[in-house]
Amino acid sequence: MPARAQVPARLSHIAPAVVQSEIRAMSVACDAAGGVNLAQGICDTPVPAPVEQGAIEAIRAGLNIYTRLDGIAALREAIAAKLQQHNGITADPDKEVLVTNGATGALYTTLLALLNPGDEVIFFEPFYGYHVSTVLSLRMVAQVVPLTAPDWKLDSDALRAAVSERTRAIIINTPSNPSGKVFSRAELEAVAAVAQEHDLYVIVDEIYEYFVYDGAEHVSMATLPGMRERTITISGLSKTFSVTGWRIGYLTAPADLVPAIGYFHDLVYICPPSPAQYGALAGLTQLAKTSFYDDLRADHQRKRDLLCDALRTACFQAPKPAGAYYIFADASHIPGATAAERARTLLRDTGVAAVAGSAFFREGRGETMLRFCFGKRDEDLERACEALRSNP
Ligand code: PLP
């Protein structure tokens, strides 16, 4: 075979800085070790029957072609009904709801539509790495405001100090990945005051909105006075219906913003997968009047308690999170100079994979922390708990 000419790779300015996410790296290491993966936030619990059925019937009925760019009308109506009942947000399904390729696609296209390269976006730390990486990939600037450990409380003075004349938006994730923090109404009001003072958008990722424990209240920013017109509320069905691979999310935003976001969503994705939209529709409509969401919450609270107890027995400092499905634990006692090393030591000694806490902080921080996911099947979670308990 003739030798191929050597063409040096010419990458974009930012591509060389891209590294594999610690979450994926740990999943690969876990597979190689045959361990239990509590690293990736993939809920592998069963898909609710109506959701599965809805998608299968759609495929069989030939509903496999592109849909309208903003999603099928019946699904937008079901989302608007859910927003009204669960969140207290009134949204016009024709003008203020966009079905998206996951919450991830919603954030990406929101940023494309509303912000410019060089604009600054504020995040709270610890943060979900995809949020920050998405902003950086669009050549925007991330301004990080640390939350105060151990409760990850908001320091509104620190937030105010982070705002500059280039700041255009604040991104919030509540309930939060990785900390499980649920922003209180008072904290959201403090963020709202800053957003109104400086005329900022607030983009809220509420994908874990149904995962709240011990009576914690999920408050939607868009319901606070004066916030509907500057808030983009993002959520999705990946977590609630255990369909992370289906890529169905949605957003609601003021009617004058949705066409621009929809334009970019069309450009990048054309539309969310059609059969999955029908599955989501069946789930939203058929499960609304059942105990599904209460059962989901109770089941995850039980799993949280199980994993928390096992981690504490294994000498971790593991606070019980008020929301989401992660335990963000201090692992200072596990040998290793960095969190990534501690995660590998734990995997080697117990067969349990967790994510290095450093993945959720700026460089040099989070090095004693590990994140464990409890949105798992019972048998896997029990196996992990057993392994942790027997290796204190
Ligand atoms: N937002 C947060 C905070 C997440 O933790 C995740 C997944 O882990 C996502 C979004 C991804 O959501 P989707 O599958 O809807 O893109």
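Above this note sits the structure.
So, a few notes on the structure that sits alongside this text. Because the structure is a prediction, the values reported are computed rather than measured.

Parameters at a glance
- Residues numbered from 1 in each chain as written.
- Predicted model: local features only at pLDDT ≥ 70, side-chain atom pairs only at ≥ 80, totals over all residues.
- Heavy atoms only, no water.
- Near = heavy atom within 4 Å.
- Polar contact = N/O pair within 3.5 Å; in protein donor to acceptor, adjacent residues only side chain to side chain.
- Helix = DSSP H or I, 4+ residues; strand = E, 2+ residues; numbered from the N terminus.
- Nonpolar A, V, L, I, M, F, W, Y, C, P; charged D, E, K, R; others polar.
- Axes fitted to C-alpha atoms, helices over the stretch in contact; angles between N-to-C directions.
- Parallel < 35°, antiparallel > 145°, perpendicular 65-115°, else oblique.
- Left-handed = near helix turned anticlockwise from the far one by under 90°.
- Contact = heavy atoms within 4.5 Å.
- Core = buried A, V, L, I, M, F, W, Y, C linked by side-chain atoms within 4.5 Å.
- Buried < 20%, exposed > 50% of the residue type's maximum accessible area, 1.4 Å probe, protein only.
- Domains from an automatic or database assignment.
- Pairing = 2+ DSSP bridges.
- Expected span 1.5 Å × (residues − 1).
- Arc of directions from axis to C-beta.
- Right-handed = clockwise from strand over helix to strand, strands pointing away.

1. Regarding the site of the ligand
Lining the immediate surroundings of the ligand are 13 residues, of which A103, T104, D205, S238 and R247 lie closest. One nitrogen or oxygen atom from the side chain of T104 is found 2.5 Å from an oxygen atom belonging to the ligand. The side chain of N177 places a nitrogen or oxygen atom 2.8 Å from an oxygen atom of the ligand. Counting residues per element, the shell around the ligand draws most heavily on helix α4 (residues 102-114), which supplies 3 residues. Across the shell around the ligand, the residue classes break down as 5 nonpolar, 5 polar and 3 charged.

2. Examining the packing of helix α1 (residues 22-33) against helix α11 (residues 339-350)
For the pair α1 and α11, the least separation of the axes is 11 Å and the interaxial angle reads 20 degrees. Classified by the angle between their axes, α1 and α11 sit roughly parallel to one another. Relative to α11, the crossing made by α1 is right-handed. Within the contact between the two elements, α1 uses E22, A25, M26, A29, C30 and A33 and α11 uses A340, A343, R344 and L347. Considered class by class, the residues forming the contact of α1 with α11 number 8 nonpolar, no polar and 2 charged.

3. Observations regarding the nonpolar core
One finds F124, I172, M221, L307, F316 and F372 to be the most contacted residues of the largest nonpolar core, which totals 122 residues. When residues in this core are grouped by element, the largest group, 7 residues, is from helix α10 (residues 292-313). Residue-level mapping places this core at the junction of two domains, with at least three residues from each of domain 1 (15-47 + 292-389) and domain 2 (65-287). Beyond its immediate chain neighbours, meaning those up to four positions away, F316 contacts L311, A329, D330, A331, H333, I334, L346, L370, F372 and L388.

4. As for the sheet that holds strand β12 (residues 369-373)
Strand order across the open sheet formed by 3 strands is β9-β12-β11, with antiparallel pairing between neighbours. Here the strands that pair on one side only, and so sit at the sheet edges, are β9 (326-330) and β11 (355-356). Relative to β12, β11 runs antiparallel, the two being bridged by 2 bridges. Considered in β12, the bridge of A356 is made with L370. Each of β11 and β12 is contacted by α11, which is oriented at about 50 degrees to β12, the strand it contacts most.

5. Considering the pairing of β9
Of all 5 residues making up β9, 5 are buried, and the element is well covered by its neighbours. Burial along β9 is two-sided: Y326, F328 and D330 and I327 and A329, pointing in opposite directions, are all buried. Bridging between β9 and β12 involves 5 bridges; their strand directions are antiparallel. If you follow F328 over to β12, its bridge partner there is R371.

6. Things to note about the sheet that holds strand β3 (residues 120-125)
Backbone hydrogen bonds are what pair the strands of a sheet, in a parallel or an antiparallel way. The strand order across the open sheet built from 7 strands is β2-β8-β7-β6-β5-β3-β4, with neighbouring strands paired in mixed fashion. Sheet topology places β2 (97-100) and β4 (141-146) at the edges, where each strand pairs with a single neighbour. Here the strands of the sheet are splayed against their neighbours by 20 degrees on average, with no regard to which way each runs. Bridging between β3 and strand β5 (residues 167-173) involves 3 bridges; their strand directions are parallel. Bridge pairing in β5 places I122 opposite I170.

7. A closer look at the side chain of K181
Here K181 is to be found in the loop between β5 and α7 (185-197). Within polar-contact distance, the side chain of K181 engages the side chain of E187 at 2.8 Å.

8. Points about helix α8 (residues 258-269)
Under the 1.5 Å per step criterion, the end-to-end length of α8 is 16 Å for 12 residues, consistent within 8% with the ideal 16 Å. Taken residue by residue, α8 has V258, I261, G262 and H265 as its buried positions. Along α8, the residues classed as buried sweep out an arc of 100 degrees about the axis, all on the same side. Opposite its buried face, α8 presents the exposed residues P259 and L267, each directed more than 90 degrees away. For α8, the secondary structure elements touched by its buried residues are β2, α4 and β8 (249-252). Positioned one or two residues after α8, I270 has a phi angle of 65 degrees, which is positive.

9. Some remarks on the pairing of strand β6 (residues 201-205)
For β6, a buried count of 5 out of 5 residues is recorded, marking the element as mostly surrounded by other parts of the structure. By the bridge criterion, 5 bridges tie β5 to β6 in an arrangement that is parallel. When the bridges of β6 are listed, N173 appears paired with D205. The handedness of the β5 to β6 crossover, carried by α7, is right-handed. The pairing of β6 with strand β7 (residues 231-236) spans 4 bridges and is parallel. Residue pairing for β7: V202 is matched across the bridge by T231.

Remember that the coordinates give geometry; whether it matters functionally is a separate question.
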